[in-house]
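A structural walkthrough
Listed below, chain by chain, are the residues.
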Amino acid sequence: MHLIIPYAASQAFMDPAAWLGLKLPHLQTLLSLLQRQKALQDSEDLTLHMPHERLLAEALGWAQDSAALPWAAWHSAQQGQASGTTQAWMTPCHWQIGMDQVVMLDPASLFLSDDESQQLLQAMQPFLQEDGLQVTWHSALAWHAQGDMLAEVPTASLDRVIGQNVKPWMPNSPTAHHAAKPLQRLQSEMQMLLYNHPVNDAREARRQHTVNTFWLHGAGTLTAGSGALVQPVAMPDGLRAGALRGDLQAWQQAWQQLDATAVSDLLEHCQATGQATLSLCSEHTAHTYEAVPATWHQRITRLFQNTTPATALAALITP
């Protein structure tokens, strides 16, 4: 049983008081039973995928050095709709244009309704279809796309780009540049189309952010037979919203809820079977703890160097 916890620590909360005040009794006990076995660290600032996404990809048996993690295709396969075509998620979003950079706002902060989202997609469909993209509505912030245009275009995770300047995350590597040109043209066309759309006119009248573009993510092709979990994995996302908003109180409350549920369940499993894997993740680091037989020397060392939640979380965001 493997529990992956995204945003267990976050660069949004660098003050040690953020985790020192947390009461996480189940995590405290669990850490006393586990040993840190692996560390995953971003090799560069522009790693396309988050550590927790790469850990889940590893659990699915996907290549760790892949520029494409095909989450959209995997979702289709989970729904019994496996396909060899390249697929991606398309998320309507708002780019805040500043003096020297363009920043993506968290799409969740748009509070886009299903009706607004469907109207926008309907307006975009003729252009999407002209470029050979088949796009279906899945939810307000998740449209499912498939088509040859998406092939060989490495796409950055949505969470990588939220709150960031979008330019460094656009597909611009030498191998992807040619494939990305039609996509960049389509994106420019959609920005012009959305500028005067009635949905956006109404949003502006209500002083809400408009939808002025989209972001592609989770693109790739799922090879036959891949995507089956090697072991049971849980990846609750309760900490994500608080971390992305920089809302410390919401993040701390979510941690306490997580400690009482998923962490408690893993602790119970560990105590019953002697087996458990826990991965604590931040934006650029993941530390994986496992239940492994300890030598007498290690058992004595643990008595004096007990890993606390505070030290485990601090290690995720400090050099």
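As a reminder, the structure under discussion sits directly above these lines.
Parameters at a glance
Residues numbered from 1 in each chain as written. Predicted model: local features only at pLDDT ≥ 70, side-chain atom pairs only at ≥ 80, totals over all residues. Heavy atoms only, no water. Helix = DSSP H or I, 4+ residues; strand = E, 2+ residues; numbered from the N terminus. Buried < 20%, exposed > 50% of the residue type's maximum accessible area, 1.4 Å probe, protein only. Pairing = 2+ DSSP bridges.

1. Side note on the environment of Glu152
- Positionally, Glu152 belongs in the loop between β7 (142-146) and α6 (158-161).
- Since its relative accessible area comes to 67%, Glu152 is described here as exposed.
- Counting along the chain gives 19 residues from Glu152 to Pro171, while the straight-line C-alpha distance between them is 10.0 Å.

2. Quick word on the pairing of β7
- The element β7 is largely enclosed, with a buried count of 5 among its 5 residues.
- Covered by surrounding structure in β7 are Ala142, His144 and Gln146 together with Trp143 and Ala145, the residues of both alternating faces.
- Inspection of the sheet shows strand β3 (residues 87-93) paired to β7 by 4 bridges, in the antiparallel sense. Looking at β7, one finds that Gln87 is bridged to Gln146.
- As judged from the 5 bridges shared by strand β6 (residues 134-139) and β7, these two strands associate in the antiparallel manner. When the sheet's bridge partners are listed, Ser139 is paired in β7 with Ala142.
- Between β6 and the antiparallel strand that follows it, β7, lie 2 residues.

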